Amino acid sequence: MATRMDLDGRPVKPMTICMIGAGGFIGSHLCEKLMAETPHKVLALDVYSDKIKHLLEPDSLPWAGRIVFHRLNIKHDSRLEGLIKMADLTINLAAICTPADYNTRPLDTIYSNFIDALPVVKYCSENNKRLIHFSTCEVYGKTIGSFLPKDSPLRKDPAYYVLKEDTSPCIFGSIEKQRWSYACAKQLIERLIYAEGAENGLDFTIVRPFNWIGPRMDFIPGIDGPSEGVPRVLACFSNNLLRREPLKLVDGGESQRTFVYIKDAIEAVLLMIENPDRANGHIFNVGNPNNEVTVRQLAEMMTKVYAKVSGEPSLESPTIDVSSKEFYGEGYDDSDKRIPDMTIINRQLGWNPKTTLWDLLESTLTYQHRTYAEAIRKSMVKPIAS
Ligand SMILES: NC(=O)c1ccc[n+]([C@@H]2O[C@H](COP(=O)([O-])OP(=O)(O)OC[C@H]3O[C@@H](n4cnc5c(N)ncnc54)[C@H](O)[C@@H]3O)[C@@H](O)[C@H]2O)c1
Ligand SMILES: O=C(O)[C@H]1O[C@H](OP(=O)(O)OP(=O)(O)OC[C@H]2O[C@@H](n3ccc(=O)[nH]c3=O)[C@H](O)[C@@H]2O)[C@H](O)[C@@H](O)[C@@H]1O
């Protein structure tokens, strides 16, 4: 493997990375990238390993020995500090991060996103280890523009909706709107990490992902996750398409999101890993401002793309409206619009997303169809026991 160079033309020394939550959606793509394209070693920590199984076995894989899986729960495992000490860099991805949990399991959500992350920050700070912590675009909450009258011309002014790391406020709903338990816990851990940097010299980078999507995201209910489980929108809509059911639009599907392809986003994370001088002390938005749609438009596009990749015609009524109370329960609320400002990541790391929404949906839904269509077909024709 040729020596890797950083953005300032210096060789990158091979490093050991302690990746917590390595068995999840983002972790699996990051591990894949690190194994295929770099000489770095990964200590992969998680309670699950299914999504990285293809990287761990067999022993004949070209990167065998460079990735080692440690099955552990960071809530209560004394091995954590030792593993952080063995590494040059810790990346913390572990979290409960599905909106269906924020208002129904607020305690687990707050513990997972704040309390459980505390020892990780502490061990990094005490042992002078660099930390890349995964936060969320949800820390911005609602846009300032959402509080303006519906017909106000200011709603069209980017100053009222573009989200900037160093100037935008964090605007959450009332305490009864438990949806914000996640965003609030993530905000507090960001503030704690920032304070560790300011007072104790912790080298940190905070990542705020804006709806990264792609293969291996979440689960398909009843196939590789609980039948009653509610994953994030990509998996919800994939599940509906695979089962030929209408896609459910929560509260009219008017909320807007910008979606970025996981493979583009992982490039940004690799730049952070290999350019500490440019990444330390920064908070980075990572998203694709050019891929904005309403959830309704997302549903329409996914329906078209799925018909193309599966060869099956779309339903006559491809969507159905559902209230948020019915879908998520009491205490749900929503972010209205999420456009990331890209100035800081552009200036520090020269990163830009490349993949259009259509293209990323085409490769993702091709994967969903290949991975799940047969299993769903079988599950739907199971004979009833007599
Ligand atoms: N996917 C996105 O677009 C997105 C957007 C915003 C923020 N994030 C943040 O990025 C991180 C990773 O997200 P993801 O989409 O890969 O989610 P994910 O749920 O697929 O991955 C999280 C992983 O952490 C593991 N984990 C959770 N608690 C643990 C514990 N106590 N001990 C050990 N392992 C534990 C889970 O088993 C899971 O494999 C999260 O912090 C999330 O809040 C992701
Ligand atoms: O991915 C992100 O950047 C962040 O945002 C997500 O939050 P959100 O975008 O609200 O979650 P999704 O489940 O992806 O929902 C997107 C939108 O689709 C809607 N939706 C979801 C599912 C569905 O079946 N139908 C539907 O209309 C939701 O109400 C919401 O408006 C999650 O909080 C985290 O994964 C993460 O922190």
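Residues numbered from 1 in each chain as written. Chains lettered and ligands numbered in written order. Predicted model: local features only at pLDDT ≥ 70, side-chain atom pairs only at ≥ 80, totals over all residues. Heavy atoms only, no water.

As recorded in an unreviewed UniProt entry, the protein goes by UDP-glucuronate decarboxylase and comes from Gossypium harknessii. Note on the protein: under the UniProt heading Cofactor (unreviewed entry), the record states "NAD(+)". Taken from UniProt, the Sequence similarities (unreviewed entry) comment for the protein reads in full: "Belongs to the NAD(P)-dependent epimerase/dehydratase family." (UniProt positions renumbered as here; feature names shortened; annotations may be inferred.)

## Remarks on the pairing of strand 1 (residues 16-20)
Of all 5 residues that make up strand 1, 5 are buried, and the element is covered over most of its length. Residues of strand 1 alternate between two faces, with T16, C18 and I20 on one and I17 and M19 on the opposite face, all of them buried. As judged from the 5 bridges shared by strand 1 and strand 2 (residues 41-46), these two strands associate in the parallel manner. Note that in strand 2 the partner of I20 across the bridge is L45. After leaving strand 1, the chain enters helix 1 (residues 25-37) and then returns to the sheet as strand 2, a path that is right-handed. With 4 bridges connecting them, strand 1 and strand 4 (residues 89-92) associate as parallel partners. Opposite C18, over in strand 4, you have T90 as the bridge partner. (Buried < 20%, exposed > 50% of the residue type's maximum accessible area, 1.4 Å probe, protein only. Helix = DSSP H or I, 4+ residues; strand = E, 2+ residues; numbered from the N terminus. Pairing = 2+ DSSP bridges. Right-handed = clockwise from strand over helix to strand, strands pointing away.)

## Some points on the site of ligand 1
Taken together, 25 residues lie around ligand 1, and F25, D46, N73, Y182 and W212 are the ones closest in. Between a nitrogen atom of ligand 1 and a main-chain N or O atom of I74, the distance comes to 3.0 Å. L93 places a main-chain nitrogen or oxygen 3.1 Å from an oxygen atom of ligand 1. Protein chains shield 90% of the accessible area of ligand 1, which is 820 Å² for the free molecule. Put simply, the parts of the chain that give the shell around ligand 1 at least two residues each are helix 1 and helix 7 (181-200). A breakdown of the residues in the shell around ligand 1 according to their chemical character gives 15 nonpolar, 7 polar and 3 charged. (Near = heavy atom within 4 Å. Polar contact = N/O pair within 3.5 Å; in protein donor to acceptor, adjacent residues only side chain to side chain. Areas by Shrake-Rupley, 256 points an atom, 1.4 Å probe, with all protein chains shown as cover. Nonpolar A, V, L, I, M, F, W, Y, C, P; charged D, E, K, R; others polar.)

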